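These are the residues of each chain, in order.
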Amino acid sequence: MVCVSALDEPLKKILGGTTAKVMAEHLGLHTVGDLLHHYPRRYAERGELTRLSDLPLDEHVTVVARVADARVLKFNNGRGQRLEVTLTDGSGRLQLVFFGKGIHKPHKDLLPGRRAMFAGKVSVFNRKLQLAHPEYALLEGEGGATGEEAVDAFAGRLMPIYPACQQMAAWKITKAVDAVLPSAREALDPLPEALRAGRALLPLPDALEKVHRPRTKADIEDARSRLKWDEAFVLQVALARRRMAETQLPATPRPLTPGGLLDAFDAKLPFTLTEGQQKVSREIFDDLATDHPMHRLLQGEVGSGKTMVALRAMLAVVDTGGQAAMLAPTEVLAQQHHRSITEMMGELAEGGMLGGAEHGTKVVLLTGSMGAAARRQALLDLVTGEAGIVIGTHALIEDKVQFHDLGLVVVDEQHRFGVEQRDALRGKGKQPPHLLVMTATPIPRTVAMTVFGDLETSVLDQLPAGRSPIASHVVPAKDKPHFLARAWERVREEVGSGHQAYVVCPRIGDEEEAPKGKGAKKKSAEEAGDGGGEDKRPPLAVLDVADQLTKGPLAGLRVEVLHGRMHPDDKDAVMRRFAAGEVDALVATTVIEVGVNVPNATAMVIMDADRFGVSQLHQLRGRVGRGSAPGLCLLVSEMPEASPARARLAAVAGTLDGFELSRIDLEQRREGDVLGQAQSGARTSLRMLAVIEDEQVIEAAREEATSVVAADPELSGYPELRIALQALLDAEREQYLDKG
């Protein structure tokens, strides 16, 4: 018989239906346990008592004073009313104001002559200092305790401020937590006793009580330290078990085969691989030769040569008679990879064709928009084994796609694929294929450990020889319009020297064709990013900017557009013309963000650059400087110099180190963004753990988790830990481990 723990009780039982409904719908809180894990965002200190003559503006204060006068005033032609209370403490006077329905209780309590304590934020109205809707506690007479103890208890208390919503104010959440807090004593502790004792961590019930109702700042620190460990440890146990499960699966070993396709490819390379590429290739070849599936994350700077490393791994697998599939997030990127891989391989990619190398193979493309005949042929080449390499989009995952012997799956830009898609593709092998995941968004080590903890990690941090430096500058278009004019001159100069340029905009610009209404309106507000301020103009659009440039600063140049709503054939045709040097300036959305490789493109102008994230700007910038000529990236913004958006742009302009930039990016974003959408589930998200700040906790938790799982893979000696894992990984949420 399963005993329902007090923490599994529905909130409805304790708080009543109405409150429970609001908490479920707007805060995702359903059980007592959910509410106990809804931690305070911060703590307000009522602080030391302040004399009325010394009140500081815009600060939270606590005062003890006597009511001198209280009166209700009408306003708004009698429709509204407010209560004004004047206080005195012998050193000065202060006005309190309460509005609307909030006046009834203070009107009854705050009678002239009453002494009380008041806490609130000091503001100015009509040149007088006031507190609006302060909290108060009577000190004598009806309903009030007397004496110094009451003053100390009230003034010194740390007040928890909870994440709230419009429908449920923070103080109502405080009352709800008070109602469920006694149940914290029954919380099951997921941390093994030895771990808790060894690291001097509080028992879980104590941590929950102290985080919600701390008496001192030390209480908060102790509670937070303990609760961070819970999150880090349970997550790392889940990942450690996953890693262990991978090592139990059988896989076909794919050892290096001398004298095969890989050797032939290496022999015709016109350059030497970087040390980094050679080192990472060795790690991959070692993994491929084992009899359990490789499970590796390859992360590297834009342009560090990840595709080359992946291609050599694919060729090594083809040499053993296996096939390799590369999964790309967009058709533009799949086509680009197909084009660059067939070019790099030359006649080695023409196996079975006239003029093809004798031990070549076929490299096929498979996307959703292909014609029926081309698609049929590609599917046939895969099932017969004629094609050793296939490059495609989600179309590769469909049931119709059958492989002769799938040996390796390469996933480009992992964060765009969920675990189901990854597993669907892996399910197409006779045995689980080896897996190589690539990302061009550099991820700080701890984030990699938290999000991709079930993958071994390889890092490429060297740029290949011949890659040129990229100069980046912020162009303040509003303060200094002549800087923008100069930006277009620089584009003309690059084109005049025989090079090409990208102009990137946040929006396409044909939205009038999209359905109008609430949704459409909301989208443009969201698109405005952190533009903030007074200027609420919509983000600049590709179609408008291209039109203005062809009539104005870039008149006479060959300007074309590229965006996601174009037909795939048209997109491919534009990219081919740009790659062939038949287009001078390509005005595009972020479809060019990953994988597009045109070495002759040397300049990039990013319009409304403040509307993009740090990592995205870094990705975009990596499209230039790919040849022998230096690259130039101009970040155009109308935001004022002192704004956070401009600080972000200055950070991007100030360093080419993607790992450094991704740290800055993460420090400025909420942790939920890091762990992907599936992290927003009420019970699974990291509430206490900050992935960058808490590096040491995450690393220590990983070590502890690995040793616990190695000694007891089924966790049979840790029933509480198993329950915590089930809560973290219920069926829908298992996939969050693979979201990046």
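Definitions and cut-offs
- Residues numbered from 1 in each chain as written.
- Predicted model: local features only at pLDDT ≥ 70, side-chain atom pairs only at ≥ 80, totals over all residues.
- Heavy atoms only, no water.
- Helix = DSSP H or I, 4+ residues; strand = E, 2+ residues; numbered from the N terminus.
- Buried < 20%, exposed > 50% of the residue type's maximum accessible area, 1.4 Å probe, protein only.
- Contact = heavy atoms within 4.5 Å.
- Areas by Shrake-Rupley, 256 points an atom, 1.4 Å probe, with all protein chains shown as cover.
- Pairing = 2+ DSSP bridges.
- Axes fitted to C-alpha atoms, helices over the stretch in contact; angles between N-to-C directions.
- pLDDT = per-residue confidence, 0-100.
- Phe/Tyr/Trp six-rings, centres within 6.5 Å; stacked < 30°, edge-to-face > 60°.

### A short note on the overall build of the protein
Point 1. Looking only at helices and strands, the protein features 26 helices and 21 strands.
Point 2. Counting every position in the protein, which comprises 740 residues, the buried fraction comes to 52%.
Point 3. At a minimum sequence separation of 6, the contacts of the protein that also span at least 24 residues come to 74%.
Point 4. Element-wise, carbon and sulfur atoms account for 52% of the exposed surface of the protein, whose accessible area totals about 33700 Å².

### Some remarks on the sheet that holds strand β18 (residues 559-562)
Point 1. The sheet built from six strands is open, its strands ordered β16-β21-β20-β17-β19-β18 with parallel pairing. Among the strands making up the open sheet, the edge pair consists of β16 (470-476) and β18. For this sheet the average axis-to-axis angle between neighbouring strands, irrespective of direction, equals 20°.
Point 2. Where strand β17 (residues 500-504) and strand β20 (residues 601-606) come together, five bridges link them in parallel fashion. Paired with Val503 across the two strands is Val605, which belongs to β20.
Point 3. Packing of helix α20 (residues 568-579) onto the sheet brings it into contact with β17, β18, β19 (585-588) and β20, and relative to β18 it is tilted by some 140°.

### Considering the confidence of the model for the protein
Point 1. Per-chain confidence: the protein averages 82 in pLDDT, with 83% of residues scoring 70 or above.
Point 2. When pLDDT is averaged over each helix and strand of the protein, the minimum, 35, is found for helix α18 (residues 518-527) and the maximum, 96, for β17.
Point 3. Confidence drops under pLDDT 50 across residues 670-684; counting only partners more than four residues distant or on other chains, this segment forms 35 contacts.
Point 4. Every residue in residues 731-740 scores below 50 in pLDDT, and together they form 38 contacts with partners more than four places removed in sequence or on other chains.

### Structural notes on the packing of aromatic side chains
Point 1. The tally for this structure, following the rule as stated, stands at four aromatic pairs.
Point 2. Measuring from centroid to centroid gives 6.5 Å for Phe98 and Tyr136, while their planes differ by 85°, and the two rings are edge-to-face. One end of the pair, Phe98, is in strand β4 (residues 93-99); the other, Tyr136, is in strand β7 (residues 135-138), with 38 residues separating them in the sequence. As far as burial versus exposure is concerned, Phe98 and Tyr136 are alike and both buried.
Point 3. An angle of 55° between the planes, with centres 5.0 Å apart, marks the rings of Tyr502 and Phe578 as tilted. Here Tyr502 is found in strand β17, whereas its partner Phe578 is found in helix α20, with 76 residues between them in sequence.

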